[in-house]
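Given next are the chains, with one letter for each unit.
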Amino acid sequence: MDNEQITAWLRENNRTELDKLWIRADSVRKENVGDDVYLRGLLEFSNVCSRRCIYCGISADVKDCRRYSMTEDEILQSAQFAADSGYGTVVLQSGENKKLNTQMLADVITKIKAKTSLAITLSVGEWPCDIYKLWKQAGADRFLLRFETSDDKLYSKLHPDCKIGVAERYEKLEMLRDLGYEVGSGVMIGVPSQSFESLADDIIKIRELNLHMIGTGPYVPHWKTRLTENLADFLLDTENQVPANEEMAYKVMALIRILCPKINLPATTALATLNFEQGYENGLKRGCNVVMPNITPVKYRKLYNLYFGKACKKADDFEIEIKQRIKNIGRTIGAGRGDSLKFTEEVAGKV
């Protein structure tokens, strides 16, 4: 599919035609990665951030955000919970904190690896190559770094402290790939100033980057960010502005699955924020094969406030519920790490 074809699907509102898209994406998913749904325990270990991204609730510009950083023991206890719950992966996520003790994080990674069989995904932002290498050598397996939009002008607006525009993200993604990480990225859907053609370019860029996993979801505003405060200056006219709604998220996920059949594709928390009762299921029926239950301790969870209304439940309650919901739609809980098929085939090809 080219930009014109993808744009047509993004603009499609006919229910019969969309049903065809859902069926095609689900068929591609089943043929390539099967019926297993892999669970990743999402641990938001710190909301301290040095970046000034104008859409994010934990941006350094949000002055009244209560900051926290979990202790090493707290991180290890949460990782053990993920292992005991049968998850194959723990995702260590934080703001991009330039004062982060990078050696401490390396030590935590090593200890998790020594005590569990978990794969470790990091989502901690942009760092020099030697730091990425330190964490890889400590045992980190995967890295998630979303580029958010391929529109360089919009990227620079959203990230006023960036140095060279969206190219800085592409450079880091390539660096991570060269170090042997399983690499993930993704975009925001419906962020103000995003046109249908721009979003189509994003999807094409995802294919060109040859990624192993894609994490994408609808833009959900936070009421104290610079973007929300100046919303009128960003929104396009109704004909061209991509809506940040649930259906648009499904369209993007379905198209990504069709274009990138062997990647891992999560039904994200933002989907559940828009539709907690069926968001995960609908995502799984439209190409997704991963769910990321939040295992952040309750006392910290609401402080990791990226956007308004973020779906939150106690980890132990949700762990039981989500497994049943996955089974209810005829899918199975994946065993083991759940590495991306694309990644495993690439590694096999190098041997």
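Structural notes, computed from the coordinates.

Basis of the calculations
- Residues numbered from 1 in each chain as written.
- Predicted model: local features only at pLDDT ≥ 70, side-chain atom pairs only at ≥ 80, totals over all residues.
- Heavy atoms only, no water.
- Salt bridge = Lys/Arg side-chain N within 4 Å of Asp/Glu carboxyl O.
- Helix = DSSP H or I, 4+ residues; strand = E, 2+ residues; numbered from the N terminus.
- Buried < 20%, exposed > 50% of the residue type's maximum accessible area, 1.4 Å probe, protein only.
- Polar contact = N/O pair within 3.5 Å; in protein donor to acceptor, adjacent residues only side chain to side chain.

### Some details on the pattern of salt bridges
- The final tally for this structure, using the stated rule, is 30 salt bridges.
- With its nearest N and O atoms 3.0 Å apart, the salt bridge here joins K262 to E345. Taken together, the residues K262 in the loop between α10 (246-259) and β9 (266-267) and E345 in helix α15 (residues 341-350) connect sequence positions 83 residues apart.
- Since its relative accessible area comes to 39%, E345 is described here as partly exposed.
- Overlapping salt bridges bring together R51, E96, K98, E126, D161, E168 and R169 as one network.

### A few points about the environment of T149
- You can see T149 is positioned in the loop between β4 (142-144) and α6 (152-158).
- With relative accessibility at 0%, the residue T149 sits in the buried group.
- Through-space distance from the C-alpha of T149 to that of G41 is 26 Å; in sequence the pair is 108 residues apart.
- Separated by 3.1 Å, the side chain of T149 and the backbone nitrogen of D151 make a polar contact.

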